[in-house]
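Reading the structure
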Amino acid sequence: MNSDIALVLQGGGTRAAYSAGALDVLLKEKIYFPAVVGTSAGALLGVNYISQDKGRSAALLRDGTSDTKLLSPLNLITKGSIYDFHYLFYVLPNKGLPFNAKKFRENPAKLYAVATSLKEGKTVLFEKSEPHFWEGLAASSSLPLLSKPVWIEEEAYLDGGILSSVPYQEAFSLGFKKVVCILTREKGYRKKKPSKASKLVANKMYRNFPNLLPLIENSYATYNRKMDELEEMAKENQVFLLYPSSEVRVAPTERNGKKLSPLIELGKKDMENSLSSLKEFIAS
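Notes on the structure follow. Owing to the predicted nature of the structure, the values given are computational and were not obtained by experimental measurement. (Residues numbered from 1 in each chain as written. Predicted model: local features only at pLDDT ≥ 70, side-chain atom pairs only at ≥ 80, totals over all residues. Heavy atoms only, no water.)

1. Describing the packing of aromatic side chains
The line we're drawing: Aromatic pairs are defined between Phe, Tyr and Trp rings, using the six-membered ring for Trp, whenever the two ring centres lie within 6.5 Å; interplanar angles under 30 degrees are classed as stacked, those over 60 as edge-to-face, and all others as tilted. For the purposes of this entry, the term helix denotes a DSSP run of H or I that reaches at least four residues, the term strand denotes a run of E that reaches at least two, and both are numbered from the N terminus. For every residue, the accessible area obtained with a 1.4 Å probe (protein chains only) is divided by the maximum for its type, and the residue is called buried under 20%, exposed over 50%, and partly exposed between those limits. Geometrically, a lysine NZ or arginine CZ counts as sitting over a ring once it is within 6 Å of the ring centre and also within 35 degrees of the ring normal.
Under the definition given, this model contains twelve aromatic pairs. Ring geometry for F104 and F133: centres 6.1 Å apart, planes at 40°, overall tilted. You can see F104 sitting in helix α6 (residues 101-106) and its partner F133 sitting in helix α7 (residues 133-140), a full 29 residues away along the chain. Looking at F104, the relative accessible area reads 5%, which means it is buried. Aromatic ring contacts, followed pair by pair, group Y83, F85, F89, Y90, F99, F104, F133 and W134 into a single cluster. Here the guanidinium or amino end of K128 rests over the ring plane of F104, the centre of that ring lying 5.3 Å away. Positioned over the ring face of Y223 is K191, at 4.7 Å from the centre of the ring.

Given below as structure tokens:
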């Protein structure tokens, strides 16, 4: 594998079922990257890619999201997020969803979870060998309006997708020359302005973090600008983009595995159909 190429995984909540299918194909083909940079659900699935647990991400999204202990609105009150990250990281691996922790630790590949610092108003990377990685991973996956900030050493963090849903810039800043991006929305998708209702909720939830509010309000424009830039970079062969080949209609907090299974299969099919061009990109 070219050491100058990183794998970048977009967030998107349960829409990352698409990425789960695509990543399983990479594992089947033994296509490994020296580093993975993921935001939110992308970082969560990156864990299973680094541990080389083929099928684990698909199982988590297809079966685990229906588990009310993992995903429930009540968790926001009791756990600070609709997701119970302690249950995800420390209970599920010993209760029906085995995780190869040894392989994860010993794999020399880097894994970076991208979160947003509420103090600095910028993205922050948590690498898997660092002592606060799992807390940083929880922060990266803490969706705005559905989570309270995650505190790490007296600093508050939230979802990396506020500023960097597709963290290609972070990969380049780490010194990589090219990136392969697995996206969770179809080509041409662009976000709309947040509704007045969501602005009101954000103002109430994060009133103690005034610097965060404009970031959330403008996150749609940040996303759209970066997607425009990514598409231009793809034309110059700096990035390889794998998009869902059909419109993604599932919600980011979908709990019905029957709705996620077709998205997993779409990810597999699209990656299989793109293997030849991907290998050419890697070799170039």
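2. Points about the environment of A202
Mapped onto the elements, A202 comes out in helix α10 (residues 196-205). Sequence-wise, A202 and P144 are 58 residues apart; in three dimensions their C-alpha atoms are separated by 7.7 Å.

3. Observations regarding the pattern of salt bridges
Put simply, the rule reads: Here, a salt bridge means any Lys or Arg side-chain nitrogen found within 4 Å of an Asp or Glu carboxyl oxygen.
In total, this model carries eleven salt bridges according to the counting rule given. Of the charged contacts, one joins R62 and D63 as a salt bridge, the two residues approaching to 3.6 Å between their closest N and O atoms. A residue is classified by how much of its surface remains accessible, and R62, at 32% relative accessible area, is partly exposed. Classification of D63 by relative accessible area gives partly exposed; the value is 44%. By sharing partners, the salt bridges in this structure join R190, D228 and E231 into a single network.

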